[in-house]
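# A look at the structure
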Amino acid sequence: MPTYQVKSIINGEPTFEKPLKKILSELTIGGAIKLLSPLEYITDRQRRWYKGVCLRELAKNDENGETIGWWDTEVKKECNGLALLKKEIFFIDDGSGGRIGIGRLTTKGVGKKNMILFIEEIISRSLTKGWDISPPDPDLRKF
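Right, let's walk through the structure included here. (Residues numbered from 1 in each chain as written. Predicted model: local features only at pLDDT ≥ 70, side-chain atom pairs only at ≥ 80, totals over all residues. Heavy atoms only, no water.)

## Section: the overall build of the protein chain
The condition is simple: Helix and strand labels come from DSSP, where a helix needs a run of H or I of at least four residues and a strand needs a run of E of at least two; each type is numbered from the N terminus. Exposure is judged per residue with a 1.4 Å probe applied to protein chains only, and the accessible area is read against the type maximum: over 50% gives exposed, under 20% gives buried, and values in between give partly exposed. Residues count as neighbours in contact if any of their non-hydrogen atoms are within 4.5 Å of one another. For the accessible areas, the method is Shrake-Rupley and the probe is 1.4 Å, while residue cover comes only from the protein chains on display.
Along the protein chain, the regular secondary structure elements total four helices and four strands. Ordered by position in the sequence, the α and β elements of the protein chain form the string β-β-α-α-α-β-β-α. Classification of the 143 residues of the protein chain by burial places 24% in the buried group. At a minimum sequence separation of 6, the contacts of the protein chain that also span at least 24 residues come to 44%. As displayed, the protein chain has an accessible area near 10500 Å², and 54% of this comes from carbon and sulfur atoms.

Below you can see the structure in the form of structure tokens.
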């Protein structure tokens, strides 16, 4: 499903790259509309590039047949992405009145600036490592 950025607001009404009526006509039963703040829009686009372009291209061009999951770990390891991960700890009842802490790593809340640094490091490393990936669309980086 495409994403349409608000281009301007005229008389209190948002304008998009195509008429709102045409955008709404693309909806189907069971679909949804998602509103994003400008910051959420930028980080959403960054995540989409990382997962949908970078990792997919690396896995597609891998001669050893490594998976997207393998490349995700490899890129984070090689490009300082592990520093972006945050540890979340969840506590569950152990059944005898005690609690067990379970930790997991997440990229939730990484933020726009840290993702920019991560993406720039990926592009830089891609040149030295021979990774064949397309950089993000410069028009999306104007923000």
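Next comes the rest of the description.
## Topic: helix α2 (residues 38–60)
Our working rule: Each helix should span, by expectation, one fewer than its residue count multiplied by 1.5 Å. Bend at a given residue is defined as the angle between two axes, one fitted to the seven residues that end at that position and one fitted to the seven that begin there.
The first and last C-alpha atoms of α2 sit 32 Å apart over 23 residues, in line with the 33 Å expected at 1.5 Å per residue. Its maximal kink placed at W49, α2 deviates by approximately 25°. All of the buried residues in α2 are Y41, I42, T43, D44, Q46, W49, Y50, C54, L55, E57, L58 and A59. Among the structural elements, α3 (68–78) and α4 (112–129) are those in contact with the buried residues of α2.

## Brief notes about the side chain of D62
Definition in use: Counted as positive: Lys and Arg. Counted as negative: Asp and Glu. His and the chain ends are not counted at all. We define a salt bridge as a side-chain nitrogen of Lys or Arg found within 4 Å of a carboxyl oxygen belonging to Asp or Glu. Whenever two N or O atoms come within 3.5 Å, that pair is a polar contact, provided that in protein one can donate a hydrogen and the other can accept it, and provided that, for residues adjacent in sequence, both atoms are side-chain atoms.
Along the chain, D62 falls in the loop between α2 and α3. One buried charged residue, D62, forms no salt bridge at all, with the nearest opposite charge on K129 at 12 Å. In this structure the side chain of D62 is engaged in a polar contact, spanning 2.9 Å, whose partner is the side chain of W71. Look past the residues within four positions of D62 in its chain and what remains in contact with it is W70 and W71.

## Focus: unusual backbone geometry
Within the chain, N11 stands out as a residue other than glycine whose phi angle is a positive 50°. Structurally, N11 can be placed in the loop between β1 (8–10) and β2 (13–15). Here the phi dihedral of N80 falls at roughly 65°; this positive angle occurs in a residue that is not glycine.

## With respect to the packing of α2 against α3
Quick reminder of the rule: For every element, the axis is a line fit to its C-alpha atoms; helices are fit only across the contacting stretch, and the angle between N-to-C directions ranges from 0 to 180 degrees. Orientation is classified from the angle alone, with under 35 degrees giving roughly parallel, over 145 giving roughly antiparallel, 65 to 115 giving roughly perpendicular, and any other angle giving oblique. Throughout, the ten residues Ala, Val, Leu, Ile, Met, Phe, Trp, Tyr, Cys and Pro are labelled nonpolar, Asp, Glu, Lys and Arg are labelled charged, and all others, Gly among them, are labelled polar.
Put simply, α2 and α3 touch, their axes get as near as 9 Å, and they point 105° apart. Here α2 is positioned roughly perpendicular relative to α3, judged by the angle of their axes. In contact with Y50, L55, R56, L58 and A59 of α2, α3 contributes I68, W71, D72, V75 and K76. Classifying every residue of the contact of α2 with α3 gives seven nonpolar, no polar and three charged.

## Thoughts on the nonpolar core
Our working definition: The definition of a nonpolar core used throughout is a set of buried Ala, Val, Leu, Ile, Met, Phe, Trp, Tyr and Cys residues joined through side-chain atoms within 4.5 Å.
Judged by nonpolar contacts, the single largest core of 16 residues is most densely connected at Y50, V75, F118 and I122. The element contributing the most residues to this core is α2, with six residues. Residues contacting I122, with those up to four places away along its chain left out, are W49, Y50, C54, V75, C79, W131 and I133.

## Brief notes about the layout of surface pockets
So the rule is basically this: We place a 1 Å grid over just the protein atoms. Points where a 1.4 Å probe fits but has no way out form a cavity, open points with protein on both sides within 12 Å along at least 5 of 7 lines form a pocket, and any residue with an atom within 4 Å of a point lines it. Grid points are joined across faces, edges and corners, and a volume is the space filled by probe spheres set on the points.
Here the largest pocket is characterised by a volume of approximately 700 Å³. Along the walls of the largest pocket sit 24 residues, with T3, Y4, I33, K34 and L35 positioned nearest its centre. Secondary-structure elements contributing two or more residues to the lining of the largest pocket are α1 (20–24) and α2. Among the elements that line the lining of the largest pocket, the one with the most residues is α2, at five residues. Of the residues contributing to the lining of the largest pocket, the split by class is 17 nonpolar, three polar and four charged.

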